[in-house]
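The residues making up each chain are set out below.
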Amino acid sequence: MTITLCYWGVRGLGEPSRYILRYSETEWIDDALVPGKESYVAWLAKKHTMGLDLPNLPYLLDGDVKVTQSLAIVRYLARKLGLVPEEAGLVRCDMAEQEIMDLRTAFGRLCYSPDFEEKKAAYLENLDKKLEVFDRFLGAGPFLMGEKITYVDFLAYEFIDQIKKLAPENVGKAKNVSKFLETFEKLPTLQKFFNSEEHKNGKYVNSPMSAFPGK
Amino acid sequence: SSGINAEWPLRPGLIDGDIKVTQSVAIARYLARKFGLVPGELERDIVRCEMAEQEILDFHKAFAALCYRPKEDFEENKPSYHANLDLKLAAFDKFVGEGPFIMGDKLTYVDFMVYEYMSQVRKLSPDNVAKVGNVVRLMENFEKLPTLKKFFDSGEHQKEQFINAPYAYFNGKN
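Residues numbered from 1 in each chain as written. Chains lettered and ligands numbered in written order. Predicted model: local features only at pLDDT ≥ 70, side-chain atom pairs only at ≥ 80, totals over all residues. Heavy atoms only, no water.

(A) Main features of the interface of chain B and chain A. The interface of chain B with chain A comprises 27 residues on the first partner and 29 residues on the second. Buried surface at the junction of chain B and chain A, both sides included, amounts to about 2500 Å², of which 59% is carbon and sulfur. There are six salt bridges connecting chain B and chain A. Across the pair Glu-50 of chain B and Arg-79 of chain A runs a salt bridge, and its minimum N-O distance is 2.9 Å. (Contact = heavy atoms within 4.5 Å. Buried area = accessible area lost by both parts, 1.4 Å probe. Salt bridge = Lys/Arg side-chain N within 4 Å of Asp/Glu carboxyl O.)

Here it is, written out as structure tokens:
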């Protein structure tokens, strides 16, 4: 039975899972909902009929397993596909995971803010500080856990790439991070996606209705 | 901060011998592994536990986002916050089920997160939380845990204390 990932047809919080699935070369269905009222109404009608414990988007269906919450989905796929660190690396991995989620949360809060323009400067100032620390933490890599790629690299790549759309110079200043993004983009099993029309056409980062859709 | 050579200059921070942890969720998971408050090996249990962890964090994020708004925005957004809270609580209540804890008989770290964050949500919105019987029961079960009895009996947790930073519009003491 084929894995199905259902989410809005934007990058948002769903794209890291999509990258993990692409990377693993597993068969999967990218059930991407067209952003807009029609899809939203259809989703509301179907939401509580799917056997999801905590109905939400994104959701993942894998045989009997049904997962919601984007990070729970990422972690489920990580365990399934061997993208988890060794026991001794769990503290570092968990800290990295949470730090990346903080970066994404702050970015999301700005992008959906009615006061986007007023808040942007303060956001960028804080971003610089956070990226400086993260850059030091990442070090030489090549990945967050060193030699071994793990699920936090997929979170880091996607969310920093999103932030880069808004703040390319700020991300550019973080040298280890910039090198990491390049390394990720060279992953062999992702070349098919990176060369695809889908990727070249680009996809909204956030809702088209947000202050920063980021296409 | 001085004395804590953690990888992030962030609070909260935990030091356990050579191990230094920041990020509240990383700390919770570390302590969970150390003290056996983990869901076990079955994939369906891990999935349930991790969904609960993320869901309770969503409750806390929405709560904090409201509390730190300036007064006019707080009052303006409170009705929609409550409308959304009721929907989320209804789903969460169904998820919790009979309990006694999130993972059934086994106490895990997510119960600690649920107890604390739901208590905070309840401070602002007692009527909304009172409506969800399974959640209320889980919190009562938590308060009956033998090794926490001393803390709960001391009354310290009932003392007025800040939930959020003192400068937040709703800081839990006001």
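Next comes the rest of the account.
(B) Highlighting the sheet that holds strand β2 (residues 28-33) of chain A. Residues and elements named next belong to chain A. Reading across from one edge, β2-β1-β3-β4 is the order of the four strands in this open sheet, with mixed pairing throughout. Both outer strands of the open sheet, β2 and β4 (65-68), are each paired with one neighbouring strand and no more. Put simply, the sheet's adjacent strands are angled 15° from each other on average, direction ignored. Here strand β1 (residues 3-8) pairs with strand β3 (residues 59-62) via three bridges, running antiparallel. By the bridge assignment, Leu-5 is partnered in β3 with Leu-60. The sheet contacts of helix α1 (residues 15-24) involve β1 and β2, and relative to β1 the element is tilted by about 150°. (Pairing = 2+ DSSP bridges. Helix = DSSP H or I, 4+ residues; strand = E, 2+ residues; numbered from the N terminus. Axes fitted to C-alpha atoms, helices over the stretch in contact; angles between N-to-C directions.)

(C) Structural detail: the layout of surface pockets. Counted as a void, the second largest pocket has a volume near 640 Å³. Lining the second largest pocket are 23 residues, with Arg-75 and Leu-90 of chain A together with Arg-33, Ile-46 and Glu-50 of chain B sitting closest to its centre. Elements represented by at least two residues in the lining of the second largest pocket include exactly α3 (70-81) and α4 (90-111) of chain A together with α1 (24-35) and α2 (43-67) of chain B. When the residues that make up the lining of the second largest pocket are grouped by side-chain class, the tally is twelve nonpolar, one polar and ten charged. (1 Å grid on protein atoms, 1.4 Å probe; cavity = no way out; pocket = protein on both sides within 12 Å on 5 of 7 lines; lining within 4 Å. Points joined across faces, edges and corners; volume = space filled by probe spheres on them. Nonpolar A, V, L, I, M, F, W, Y, C, P; charged D, E, K, R; others polar.)

(D) Layout of the packing of aromatic side chains. All names here are of chain A. What the rule picks out here adds up to 23 aromatic pairs over all chains. Aromatic side chains Phe-134 and Phe-137 sit 6.2 Å apart centroid to centroid with 35° between the ring planes, which places their arrangement in the tilted category. Linking Phe-134 with Phe-137, this pair stays in helix α5 (residues 116-138), spanning three residues, or about one helical turn. Just as Phe-134 is buried, Phe-137 falls in that class too. Judged by centre distance (4.3 Å) and plane angle (10°), the ring pair of Tyr-157 and Phe-184 falls under stacked. (Phe/Tyr/Trp six-rings, centres within 6.5 Å; stacked < 30°, edge-to-face > 60°. Buried < 20%, exposed > 50% of the residue type's maximum accessible area, 1.4 Å probe, protein only.)

Read these as layout, nothing more, since geometry by itself doesn't imply function.
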